[in-house]
Amino acid sequence: MIFEQGDPQNGCYLVCEGTAILRTRTATGRRLMIGIIEPGDMLGVGSFLGQSHHELSAQAITAIQARYLTRAACERLLQEPSLLTGKLLAVRAKQIRYLQRHAQFLGARAGVRERLAALLLELGQRFGQESQGARQIELKLSCELLGEVLDSHRSTVDLELIELRRRGLIARTEGRLVILDEAGLWELARNVF
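Residues numbered from 1 in each chain as written. Predicted model: local features only at pLDDT ≥ 70, side-chain atom pairs only at ≥ 80, totals over all residues. Heavy atoms only, no water.

Further remarks concern the sheet that holds strand 3 (residues 31-37). Across the sheet, three strands lie side by side as 3-2-5; this open sheet has antiparallel pairing. Strands with a single pairing partner mark the edges of an open sheet, and in this sheet they are strand 3 and strand 5 (57-60). Neighbour to neighbour, the strand axes of the sheet diverge by 30° on average, direction disregarded. Where strand 2 (residues 20-25) and strand 3 come together, six bridges link them in antiparallel fashion. Considered in strand 3, the bridge of leucine 22 is made with glycine 35. Sitting on the sheet, helix 4 (residues 143-150) is in contact with strand 2 and strand 3, with an inclination near 100° to strand 3. (Pairing = 2+ DSSP bridges. Helix = DSSP H or I, 4+ residues; strand = E, 2+ residues; numbered from the N terminus. Axes fitted to C-alpha atoms, helices over the stretch in contact; angles between N-to-C directions. Contact = heavy atoms within 4.5 Å.)

Right, here's the structure in full:
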């Protein structure tokens, strides 16, 4: 765990290596994963906005290296235009885009299978590697984490992944998901996009 929602916020982290996830806890206590952080992204950027507590939780899902910037350093960066200030704006815009996509997944009038297909397509674009006509998603994501993104239960996501494998749309290799039939996933996901 890097930080928990509600923890005091005294600075931010610039991720140099590794991957982390951002989560929020709903009023009913349910956890929702709302973002994936990659190298070059920043965690805890609320310190640039004067927030005293983290509004999200951040957890590493791979080994991670990050540089910590104190609140004072963040305030200086805002006063002195620099490359990092530009990077901050780009990171914030990326996070807003991701939150908009997440809201679109949850708000779509589609079932879990269709939303899962859309999510797999997006993960394939962001984290996929082409190999022999297939796209392997390089992140190892559990059914529980996928369920957090889709606001669904782990068991439901597991059943839907089994169905997508049965249809020949995806495979699982060494804990990673592989998209075998991108057009088939697009067909399933058309109501989400």
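Attention shifts here to the environment of cysteine 143. Inspection of the secondary structure assignment puts cysteine 143 in helix 4. For cysteine 143 and histidine 153, which are ten residues apart along the polypeptide, the C-alpha to C-alpha distance reads 8.3 Å. Dropping the residues within four chain positions of it, cysteine 143 is found in contact with Arg154, Val157, Asp158, Leu161 and Arg172.

The next point concerns the sheet that holds strand 8 (residues 134-137). As summarised here, the arrangement of the four strands in space is 7-8-10-9, forming an open sheet in which the pairing is antiparallel. The two strands at the open ends of the sheet, each matched to only one other strand, are strand 7 (128-131) and strand 9 (170-173). For this sheet the average axis-to-axis angle between neighbouring strands, irrespective of direction, equals 30°. The sheet contacts of helix 3 (residues 112-127) involve strand 7, strand 8, strand 9 and strand 10 (176-179), and relative to strand 8 the element is tilted by about 85°.

Per the stated rule, a full pass over the model turns up two aromatic pairs. Aromatic pair phenylalanine 3 and tyrosine 13: ring centres 6.3 Å apart, planes at 20°, arrangement stacked. In this pair, phenylalanine 3 is assigned in the segment before strand 1 (11-17) and tyrosine 13 in strand 1, connecting sequence segments ten residues apart. For phenylalanine 3, a relative accessible area of 6% puts it in the buried group. Judged by relative accessible area, which is 24%, tyrosine 13 ranks as partly exposed. An aromatic cluster is defined as three or more aromatic residues linked by ring pairs; in this entry it consists of Phe3, Tyr13 and Tyr68. (Phe/Tyr/Trp six-rings, centres within 6.5 Å; stacked < 30°, edge-to-face > 60°. Buried < 20%, exposed > 50% of the residue type's maximum accessible area, 1.4 Å probe, protein only.)

Per-residue pLDDT for the chain has a mean of 85; in total, 88% of the residues score no lower than 70. Of all secondary-structure elements in the chain, the lowest mean pLDDT belongs to helix 2 (residues 83-107), at 68, while helix 5 (residues 154-166) reaches the highest, 95. (pLDDT = per-residue confidence, 0-100.)

Bridge analysis of strand 7 against strand 8 gives four bridges, and the strand direction is antiparallel. Bridging across to strand 8, glutamine 129 finds its partner in glutamine 136. In textbook terms, the turn of a hairpin is the stretch between consecutive antiparallel strands, and for strand 7 and strand 8 this stretch comprises two residues, one of which, glutamine 132, has a positive phi near 55°.

Before going further, it helps to spend a moment on the pattern of salt bridges. The final tally for this structure, using the stated rule, is twelve salt bridges. Linking glutamate 148 and arginine 23 is a salt bridge whose minimum nitrogen-to-oxygen distance equals 2.5 Å. With glutamate 148 in helix 4 and arginine 23 in strand 2, this pair connects stretches of sequence that are 125 residues apart. Across the pair, exposure class does not vary: glutamate 148 and arginine 23 are buried alike. Arginine 190 is paired through a salt bridge with glutamate 187; the nearest N and O atoms lie 2.2 Å apart. According to the relative accessible area criterion, glutamate 187 is partly exposed, its value standing at 47%. Look at the salt bridges and you will find they share partners, linking Arg23, Arg31, Glu144 and Glu148 into a network. (Salt bridge = Lys/Arg side-chain N within 4 Å of Asp/Glu carboxyl O.)

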